[in-house]
Amino acid sequence: MYNNKPSRLFSGDFYCDTFGSQNTGSGFISLDTASCGGVMDLILCLLGSVLFFLNLKSVFSELNTTATESQLSSNESSWDEDAATQNSSLPPFGVTAATEEPAFGSYSTDAWATEAPITVSPSLGFPRAAPTVTPSQPLISSLQTPVTDVSSLCPCNLLENQCDVNCCCDPGCAEEFALFTGCSVQQVITDSMLCSQTAAIYSLNMTVNGTMQRISTLTNLINPDFFCIQTNNNAAGLSFGTPEIPTNGNFDTLVKTFSRPSFSSAGTASSTSPSQASGYKYGDLIQTNSIKGILTLPAPAGNSWCSNGNPVGFLQNQQAQCNVKFNLATDCTNLSSVNIASYSNFQIFQTPGAASSLVNITLRSVTLQSLDGMRSQSSVTNASSFAPSVLQNGTVCSKVVLQVNYVITYSEAGVIMNAEVSIVLGVVNATPVQQSFQVTFVQVKTTSTPVSGNPGYINGLPLLAGSLIAGSGIVQSTNRFGQLMVMKSSSVQDCLALPGERLPVLFGINMVSGCSLRINNISNCSLLSEQILGVLIGSNFPDYVASFGNSQAQNVLDWVQINTVTTASSSFSCNIPLSLDLVIQWTKYGSLVNPQAQIVSLTRKFTTNSTALQGTLQISSTVSFVDVSAAAQPGYKAPPTIDAKLPFDFFFPFV
Amino acid sequence: MAIYEVYSHPALLRYKTSICTKATLFLLIVLGLTYIPPLLVTYKSQGFWIKLSTYEEQPVVKFQYQILMIATTSINGDYVAWSTFQNLNNLLGDSLRIPSVSVMEVDKNQDGKYDEMTFKLQLPLQSTEQVYSVNLILGFSYSLFRMSTFVMQSMAYIQHSSPLPGSLLYVNGDLKLQQRQPLNHRGLDTRYNVSVINGSSPFASAYDLTNIIGNYQERNVSTVLSWPSPLWMTGRAANSPFVISAVIRYPVEIITYPFQNFFNLFVCMLYATCCYVLFKSLAK
């Protein structure tokens, strides 16, 4: 739209031809180049050639000046605006747009962008291929020759045998001109690039009795452009080339050459072709004898709702949380995605292909969750005894699947040896219900302990912490996300009624969380203080934190003791801790190109109340990581000492 | 009587002085003025060493016919979705709602490059459903050829939500290039010639909008649909479809690229020479 120049694709031919003919005709280039030398001269030389050419061109223009030239001068400036108008309203023919402004007689620049198509009458077009074609015969036998007579062209004539309103060139209009208010097509030209050409100009004129009258004239238009085409030696260069006629032989190559992206139904076929290999490969879908045929794990696709068809890829650990919405009364027992059977009641093929043996999914553990979030381990019996059931007149649905955790054991040959599932079932009285799913692949006969860095901590991985037991080193929790935790804000804001869930401290991530404490009476201060301390630090706060992400538990020197600082004001009879601030100071360790994060100290600061305990208090815990790395210092080696000694007999004859 | 030149020869005048004279001092000052001010002027003017330059090009943009549409059909979050990715459609299950889509790309000025695309999606709805929000991803291929050949697959992301149920979302905007780093001045650049959405993946994580947009925003060169304001029309007749109508234009872009040191040197030399000539003439 902005770039109104004709493209190289279409215009290259006639630019070369027309310019070439004029250049060779004048013969000045050889004359000038003879006197040029060096690069600068060459540039000057080219400049001179262009100037010479321009002069030549203006001479041509002057020769063709006619009486209409005076109206042409100011059209250059309106190029862009006109082009924009054209782009929004013009049919794809080189015809002046339907501007109501008196552009009559002027050489409108509207049509300049389009050079070739004007030569084709809209009523002509190309004949369509007949549906039945004999082999080896071209689909289109012959193309009609384009019409170039401007007086017979009328692009706005879109109704056969009927007058088009405001189409002044429509041959079907006669009496209807009286109804017109303007001409939608004001002039028809063959090619806007030509310097001089015949144009059919249409206008309306008011007659003495007040009716409109069509005036059509054929005039010679002069193009004011410097670079118009004076004589066109290559007439074919101004129109589109003859396309290659598609035949049965070249059809595929033509499609390959000209095809562009488009809607296709090619992808509708199922892409999961079961391989018959001896073992699964990374990313292969795991085949089961369930209805779906593959192991699936619900996951959100595009929003937060569960898509039940999400497959599990071999060796691709997945973790997803999504929501499921259902009617508690009616869908509780029917919906398969909340039923434990759909996650455990099938078997997995050990290797791809129906011929391989099947592995049962072992129900490793079933945890039952009550309405208030309390969890209790159930003695595993049979998945069928955990079917969902509706309670309390359809307001509560029990034994809804809340968490599914698959652990799949595989051998190095890609054979699935074992599959276990741990499931959390809960009582639900409101939907949507959030479900979380996880699948982990474990190689058989290997025990891997994930570390939080090698050696330095990696951002986002949990801090390793534990307690020192004399003689046996550091004792850590088996869950590395449970070793150093802080309070988590919950919808129950009361500190004394917080659920047990806590947040792991992750390296490099600063956090704040809190709860509120409403104090009615401080009769038992020490008990309250103890309770708040328990909320802040949890059940067993560790003593030591690992200085590196892969610190070994037996290597006590690799661990940093946690300091405790308490700022207490003694002016109050009752002191309870209001905040816990964990400040972790870490430094960059090692070479400058590959610094490793090392924890140098961890301080927990308790702040007790500095005012009297009244009303609602805010209890908060924060975690902040402080980079205490010393800046890299420029250091210089001591200059080398020159230990050069002359041979003892250097000055032999003299000394 | 006519006069004509018989012979001519240049005359050489020598001005001599001893070292400790005013003339020597003057000569030194003139020499200093000739060489130092040009350097100072070229250094102090900020354009001494250009690092970035720009050029203008209309990109070759082609619609890839990749569409992902998610529409929320109730205030509770029920949704219908459709995409041109068969794997996603399989995942969607009952939420799959196949719309009728029409696309037209137009080359308005006949320069061989498409200038705009008209997109219309008619989403059939049941009489109980209303559309409250729309997410739409359209995939394009975007190429630049003038300096370096830069080819990428990009996207236009359209998102709108309204508390009022809608009948039409009308979008009319430009597909703008977003550059975080300059493009090369030559060579072939296919860093981002990868699909925005991995349609061959059967896993749901490949179609997660946070993943798609997160990965896309990681790119240093991307496109963004710049639309001044969406038009959300309310009032939909029962059983009539929800319509997304979009006009996406492919405008000429100003692209930055690193200015080459060789040209820099050339420009600087030219600059210093000009200043030198100026001061030389002043000194004279």
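Because the structure is a prediction, the values reported are computed rather than measured.

Visitor: So what exactly am I meant to see when it comes to the overall build of chain B here?
Guide: The helix and strand tally for chain B stands at four helices and twelve strands. Counted over contacts in chain B with a minimum sequence separation of 6, partners at least 24 positions apart contribute 75%. Only carbon and sulfur atoms are counted for the fraction: they give 60% of the accessible area of chain B, which is about 15,700 Å².

Visitor: Looking at this model, I keep getting lost on the UniProt feature "transmembrane region" (unreviewed entry) in chain B. Mind explaining?
Guide: As recorded in UniProt, the sites labelled "transmembrane region" (unreviewed entry) are residues 23-43 and 262-279 of chain B. Span residues 262-279 of chain B is 100% helix and 0% strand, its end C-alpha atoms 26 Å apart.

Visitor: Could you clarify how one ought to interpret the side chain of B:E57 in this entry?
Guide: All names here are of chain B. Positionally, E57 belongs in strand β1 (residues 52-57). Of the side chains with opposite charge, K113 lies nearest to the buried E57, which makes no salt bridge, at 4.4 Å. Within the structure, the side chain of E57 is placed 2.7 Å from the backbone nitrogen of F145, a separation counted as a polar contact. Aside from chain neighbours lying at most four places away, what touches E57 is K113, L144, F145, R146, V252, E253 and I255.

Visitor: Teacher, can you tell me more about the packing of aromatic side chains here?
Guide: Both the distance between ring centres and the angle between the ring planes are used here to describe each pair of aromatic rings. In this structure the tally under the stated criterion is 18 aromatic pairs over all chains. Aromatic side chains B:F63 and B:Y65 sit 4.9 Å apart centroid to centroid with 50° between the ring planes, which places their arrangement in the tilted category. Just as B:F63 is buried, B:Y65 falls in that class too. Pairing B:F85 with B:Y207 gives two aromatic rings, centres 6.2 Å apart and planes at 40°, and the pair type is tilted. Of this pair, B:F85 sits in the loop between β3 (79-83) and α2 (86-92) while B:Y207 sits in the loop between β8 (188-189) and α3 (209-217), and the two are 122 residues apart along the sequence. For the pair B:F85 and B:Y207, a shared accessibility class is recorded, and that class is buried. Here a set of aromatic residues connected by ring pairs shows up, and it is made of A:F263, B:F63, B:Y65, B:F119, B:F140 and B:Y250.

Visitor: Sorry, what's going on with the environment of B:L144 here?
Guide: Positionally, B:L144 belongs in strand β6 (residues 131-144). Between the C-alpha atom of B:L144 and that of B:V61, which follows or precedes it by 83 residues, the distance is 8.9 Å.

Visitor: What should I look at first to understand the sheet that holds strand β19 (residues 544-546) of chain A in this one?
Guide: Residues and elements named next belong to chain A. On the basis of which strands lie adjacent, the open sheet formed by eight strands has the order β15-β14-β19-β20-β22-β21-β23-β18 and mixed pairing. Both outer strands of the open sheet, β15 (473-476) and β18 (511-518), are each paired with one neighbouring strand and no more. Taken over all neighbouring pairs, the strand axes of this sheet differ in orientation by 30° on average, direction set aside. Note: β19 against strand β20 (residues 559-567), three bridges, orientation antiparallel.

Visitor: Got a minute to help me understand the state of the cysteines in this structure?
Guide: Residues and elements named next belong to chain A. Tallied over the full model, the rule gives eight disulfides over all chains. There is a disulfide in this structure between C168 and C183, and the S-S distance comes to 1.8 Å. An S-S torsion of about -95° defines the bridge between C168 and C183 as left-handed. In this pair, C168 sits in the loop between α4 (79-89) and β1 (187-189) while C183 sits in the loop between α4 and β1, placing the two residues 15 residues apart along the sequence. As far as burial versus exposure is concerned, C168 and C183 are alike and both buried. Residue C195 pairs covalently with C228 via a disulfide, S to S 1.8 Å. Here C195 and C228 share a disulfide; its torsion about the S-S bond, 95°, makes the bridge right-handed. On the criterion of sequence distance, the pair formed by C195 in the loop between β1 and β2 (196-206) and C228 in the loop between β3 (212-222) and α5 (251-258) is long-range, its members being 33 residues apart. Of the two residues, C195 and C228, both sit in the buried class.

Visitor: I tried to follow helix α7 (residues 525-537) of chain A on my own but got confused; where do I start?
Guide: Residue and element names in this part refer to chain A. Under the 1.5 Å per step criterion, the end-to-end length of α7 is 18 Å for 13 residues, consistent within 8% with the ideal 18 Å. When we look at burial in α7, the residues that qualify are C525, L528, S529, I532, V535, L536 and I537. As for α7, its buried residues are in contact with β16 (485-487), β17 (502-504), β18, β21 (577-589), β22 (596-608) and β23 (616-627). Looking one or two places after α7, you find G538, whose phi comes out positive at around 80°.

Visitor: When you look at unusual backbone geometry in this model, what are you seeing that I'm missing?
Guide: The phi torsion of most residues other than glycine is negative, and most of the peptide bonds are trans. Residue and element names in this part refer to chain A. A cis geometry characterises the amide bond from T431 onward to P432, with omega recorded as 0°. For P432, the position within the fold is in the loop between β12 (416-428) and β13 (433-443). Phi is positive for N161, close to 60°, though the residue is something other than glycine. For N161, a relative accessible area of 80% puts it in the exposed group.

Thresholds applied
Along each chain, numbering runs from 1 in the same order as the chain's sequence is written. By the order in which they are written, chains take letters starting at A while ligands take numbers starting at 1. Under the rules for a predicted model, residues below a pLDDT of 70 receive no local features and side-chain atom pairs below 80 are neither given nor counted, while totals for whole chains, interfaces and linings still include all residues. With hydrogens and water set aside, each side-chain value is computed from the structure's full complement of heavy atoms. By the criteria applied, helices consist of DSSP H or I runs no shorter than four residues and strands consist of E runs no shorter than two, each listed in order from the N terminus. The contact criterion used throughout is that any non-hydrogen atoms of two residues lie within 4.5 Å. Note that accessible areas follow from Shrake-Rupley with a 1.4 Å probe, and for residues the cover is restricted to the protein chains shown. UniProt positions are given in the numbering used here, feature names are shortened, and annotations may be inferred rather than shown by experiment. For the exposure calls, accessible area comes from a 1.4 Å probe over protein chains only, and a residue counts as buried if that area is under 20% of its type's maximum, exposed if over 50%, partly exposed in between. A residue counts as positive if it is Lys or Arg and as negative if it is Asp or Glu; His and the chain ends are not included. By convention in these notes, a salt bridge is any Lys or Arg side-chain nitrogen within 4 Å of a carboxyl oxygen on Asp or Glu. Think of a polar contact as two N or O atoms within 3.5 Å of one another; within protein, one of them needs to be a possible hydrogen donor and the other a possible acceptor, and neighboring residues in sequence only count if both atoms come from side chains. Pairing of aromatic side chains requires ring centres within 6.5 Å, counting the rings of Phe and Tyr and the six-membered ring of Trp. Pairs whose planes differ by under 30 degrees are stacked, by over 60 edge-to-face, and all others tilted. Strand pairing is defined by DSSP finding a minimum of two bridges between the two strands. All axes are obtained by fitting lines to C-alpha atoms, using only the stretch in contact for helices, and the reported angles, taken between N-to-C directions, cover 0 to 180 degrees. The term disulfide is used for any two cysteine sulfur atoms that are within 2.5 Å. To estimate the expected span of a helix, subtract one from its residue number and multiply by 1.5 Å.

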